[in-house]
Amino acid sequence: MQANQSSARMPKRHMIMLYHRRILLSAAIVFACVAVTYAQSGRRSTTTPTTTAPSVSGPKTIEKKPEKPPRLQLLVGIDNRDPSSNVPYYVTDTVIDNCVRRLGDASDVMVTSAGRGMNRADAIKAAKGETVRYVVWLQIGSELADAGRQPSKNSVDELYVSYTILEPGTAKVRQSGRSHHQIYQTGRGGVSAPIKNSPLYSEYALKQAALETAERVLGAFDIRLRSER
């Protein structure tokens, strides 16, 4: 009878051992899974996350280039007319205005008008006080007066515009000269003598001489303008 009980207990003990083995196996599997999960989480934490820089919308700022300084700067003045001459007083304004306007046609030239009433001493003093600007001194002259003859009402065509370019700082003469413009009347036989009796002719002729003077001044600095006259 004891033998039968012992044989009956053996399967139960065997079942308990099997149950313990299963528990140990399950615990080993759970431990292995936890170890793998921890290792993977550790690797992910050491990786630097990549971020995409947000795109900036809106108009782009364009930097303004510094303006190029003018190649040539001029200060232009004109002497008063000779009181003994028959030149109209307003003609001096005509000459300097047209000369300054023509000089300003050059894109790389900056011109300032000093107006009338500038004599030679004033021009030299102004040039010595300048550091950049050249001084252009204008005069209205008469070839008859230069020859010692008294100008008359019929000698307006003998007028001319003289110019002197003074260097800044030293007032040395860079260039000087004169412009003389005559108008001729066209008749049936072609070109005849100039018209001498009209004050209008005097003003127009000096206007043309002033434009020519401006072109000669620019030519002294190798600046050329297309002639529109």
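Just so we're clear, the structure is a prediction, and the values are computed from it rather than from any experiment.

**Describing the overall build of the chain**
Then, number 1: Secondary structure assignment for the chain yields 5 helices and 7 strands.
Then, number 2: A total of 229 residues make up the chain; the buried ones form 31% of that total.
Then, number 3: For the chain, the share of sequence-separated contacts (at least 6 apart) that also reach a separation of at least 24 residues comes to 67%.
Then, number 4: With the model as given, the accessible surface of the chain reaches about 15900 Å², and the carbon-plus-sulfur share is 54%.

**Some points on the nonpolar core**
Then, number 1: In terms of nonpolar packing, the biggest core is built from 30 residues, with L74, V76, V95, L103, L138, V217 and F221 touching the most fellow members.
Then, number 2: The set of elements that each furnish at least two residues to this core consists of β1 (72-78), α2 (91-103), β3 (134-142), β4 (159-166) and α5 (199-219).
Then, number 3: Every residue in contact with L74, bar those within four places of it in the chain, is listed here: L103, V109, M110, V111, T112, R133, Y134, V136, V217 and F221.
Then, number 4: Membership of the second largest hydrophobic core comes to 8 residues, among which are L75, A127, V135 and L166.

**A look at the sheet that holds β3**
Then, number 1: Strand order in the open sheet formed by 5 strands is β2-β1-β3-β4-β5, and the pairing between neighbours is mixed. Looking at the sheet topology across the chains shown, the edges are occupied by β2 (109-116) and β5 (173-179). Pairwise comparison of adjacent strand axes, ignoring direction, gives a mean angle of 20 degrees for this sheet.
Then, number 2: In the sheet, β1 pairs with β3 via 5 bridges, with the strands oriented parallel. Residue pairing in the sheet places L74 in a bridge with Y134 of β3.
Then, number 3: Seen against the sheet, helix α3 (residues 120-128) touches β1, β3, β4 and β5 and runs at an angle of roughly 170 degrees to β3.

Conventions adopted
- Residues numbered from 1 in each chain as written.
- Predicted model: local features only at pLDDT ≥ 70, side-chain atom pairs only at ≥ 80, totals over all residues.
- Heavy atoms only, no water.
- Helix = DSSP H or I, 4+ residues; strand = E, 2+ residues; numbered from the N terminus.
- Buried < 20%, exposed > 50% of the residue type's maximum accessible area, 1.4 Å probe, protein only.
- Contact = heavy atoms within 4.5 Å.
- Areas by Shrake-Rupley, 256 points an atom, 1.4 Å probe, with all protein chains shown as cover.
- Core = buried A, V, L, I, M, F, W, Y, C linked by side-chain atoms within 4.5 Å.
- Pairing = 2+ DSSP bridges.
- Axes fitted to C-alpha atoms, helices over the stretch in contact; angles between N-to-C directions.

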